[in-house]
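# What the coordinates show
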Amino acid sequence: MERRLKQRRASSKLPDLVELVLSRSLVSTGMIQERLKVTKQGALNLIGELGLREMTGRGRFRAWGIRAFHVLMEA
């Protein structure tokens, strides 16, 4: 994750998203919007930049997490 944070603008919300994801096993778009004060599209863009894995398998009400947590949940 640290590689993705290099050469980012000082105002980037990506470091804040990293902290949020590390503090919780799953995060939703709404949670990211509320905590980071970004729009829904902004939250989805940050999720894409960080490379989080979608964990619910749904089209709506999705939640994302770190790939390592996904492996532990399946075991």
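Residues numbered from 1 in each chain as written. Predicted model: local features only at pLDDT ≥ 70, side-chain atom pairs only at ≥ 80, totals over all residues. Heavy atoms only, no water.

Our focus in this paragraph is the confidence of the model for the protein chain. The share of residues in the protein chain with pLDDT of 70 or more is 73%, and the mean pLDDT across the chain is 78. Predicted confidence in the protein chain is weakest over helix α5 (residues 67-74), with a mean pLDDT of 50, and strongest over helix α3 (residues 29-36), with 93. Below pLDDT 50 for its whole length, residues 69-75 participates in five contacts with residues either more than four positions away or in separate chains. (pLDDT = per-residue confidence, 0-100. Helix = DSSP H or I, 4+ residues; strand = E, 2+ residues; numbered from the N terminus. Contact = heavy atoms within 4.5 Å.)

Attention now goes to the packing of helix α2 (residues 14-23) against α3. Packing of α2 against α3 leaves a shortest axis separation of 11 Å and a crossing angle of 125°. Here α3 runs oblique to α2, going by the angle between their axes. Here α2 runs over α3; the crossing is right-handed. Along the contact surface, α2 presents Asp16, Leu17 and Leu20, while α3 presents Met31, Ile32, Arg35 and Leu36. Among the residues forming the contact of α2 with α3, the class breakdown is five nonpolar, no polar and two charged. (Axes fitted to C-alpha atoms, helices over the stretch in contact; angles between N-to-C directions. Parallel < 35°, antiparallel > 145°, perpendicular 65-115°, else oblique. Left-handed = near helix turned anticlockwise from the far one by under 90°. Nonpolar A, V, L, I, M, F, W, Y, C, P; charged D, E, K, R; others polar.)

Counting through the fold element by element, Asp16 comes out in helix α2. On the basis of relative accessibility, which here comes to 35%, the residue Asp16 falls in the partly exposed class. Each C-alpha atom of the pair Asp16 and Leu36 lies 7.1 Å from the other, and the pair is 20 residues apart in sequence. (Buried < 20%, exposed > 50% of the residue type's maximum accessible area, 1.4 Å probe, protein only.)

Its identity is not glycine, yet Lys37 carries a phi of approximately 55°, on the positive side. If you trace the backbone, Lys37 turns up in the loop between α3 and α4 (40-50). Residue classification places Lys37 among the exposed positions, given a relative accessible area of 68%.

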